[in-house]
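A structural walkthrough
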Amino acid sequence: MEGFESFIGVNFWTALFTLLNFVALFLVLKRFLYRPVMDMIQKRQKEIDDMYQEADTAQTQAKAMETEYRQKLADAAETGERVVKEAVARGQAREEEIIRQANAQAAAILDKAGADIAMEKKKAVNDAKDEISVIAVAIAEKVVGRELRDADQSRLVDSFIDELGDGV
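Residues numbered from 1 in each chain as written. Predicted model: local features only at pLDDT ≥ 70, side-chain atom pairs only at ≥ 80, totals over all residues. Heavy atoms only, no water.

Next up on the list: the overall build of the protein chain. Helices and strands together make up the secondary structure of the protein chain, namely three helices and zero strands. By the burial criterion, 5% of the 168 residues in the protein chain qualify as buried. If you sum the accessible surface of the protein chain, you get close to 15000 Å²; carbon and sulfur atoms cover 62% of it. (Helix = DSSP H or I, 4+ residues; strand = E, 2+ residues; numbered from the N terminus. Buried < 20%, exposed > 50% of the residue type's maximum accessible area, 1.4 Å probe, protein only. Areas by Shrake-Rupley, 256 points an atom, 1.4 Å probe, with all protein chains shown as cover.)

Here you go:
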């Protein structure tokens, strides 16, 4: 076997000790290096997984907030439209009220003017009657040639005015 060892150049005992050293070194490294490194890798992996989870949660919350924002925006637009419609309706109602008031005032002015005209007409007729009665008495006195009593004068004036009133 010595020829084989010299041909390959490996001593069995050296190879065995090297293998035992390797196994011992492997066990020592596994105990003191592999587990801590694996624990560190697992912790780092957990941190990464937590970060992904937080990112997913934040993304879900952002989508929910976006949906809520869009809903609030739509509600605000709807509220704005409703407020504008209500303001237009109030404006139209106010316009109609103002027109009604103006029409009522115009009607009141026309009624007052009509009453004033009727009163002025009556006053003018009464003034005319007074003047006509004075003239009629004067004419009657000249025609009759004497002074009329109050009763005769009153009867003549009334009949004259009645005839004059029928003609007007």
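Moving on to the packing of aromatic side chains. Any aromatic ring pair is given by two values, namely how distant the centres are and how the planes are angled relative to each other. Following the criterion strictly, the structure yields one aromatic pair and no others. Over the face of the ring belonging to Phe32 we find Arg31, whose NZ or CZ atom lies 6.0 Å from the ring centre. (Phe/Tyr/Trp six-rings, centres within 6.5 Å; stacked < 30°, edge-to-face > 60°. Lys NZ or Arg CZ within 6 Å of the ring centre and 35° of its normal.)

With that settled, the discussion passes to the pattern of salt bridges. Tallied over the entire structure, the rule returns seven salt bridges. In this structure, Arg44 and Glu47 form a salt bridge, with 3.2 Å as the shortest nitrogen-oxygen distance. Of this pair, Arg44 and Glu47 both sit in helix 2 (residues 12-144), three residues apart, which is roughly one turn of the helix. Owing to a relative accessible area of 44%, Arg44 belongs among the partly exposed residues under this scheme. Taking the relative accessible area as the measure of exposure, Glu47 reaches 44% and is therefore partly exposed. Notably, a salt bridge pairs Arg100 with Glu97, separated by 2.8 Å at the nearest N-O pair. Taken as a pair, Arg100 and Glu97 lie in helix 2 at a separation of three residues, close to a single helical turn. Residue class for Arg100 comes out partly exposed when judged on its relative accessible area of 49%. (Salt bridge = Lys/Arg side-chain N within 4 Å of Asp/Glu carboxyl O.)

This brings us to a nonpolar patch on the surface. Taken together, the side chains of Leu25, Leu29, Leu33, Val37, Met40 and Ile41 make up a nonpolar region of the molecular surface, amounting to roughly 530 Å² of accessible area. Mapped onto the secondary structure, Ile41 falls in helix 2. In this structure Ile41 comes out as partly exposed when scored by relative accessible area, which is 45%. (Patch = residues over 30% accessible without salt bridge, like charges linked within 9 Å, V, L, I, M, F, W, Y side chains within 5 Å.)

Summing up the model confidence of the protein chain, the mean pLDDT is 84 and the portion of residues at 70 or higher is 84%. Within the protein chain, no element has a lower average pLDDT than helix 1 (residues 2-8), which sits at 61, and none a higher one than helix 2, at 89. (pLDDT = per-residue confidence, 0-100.)

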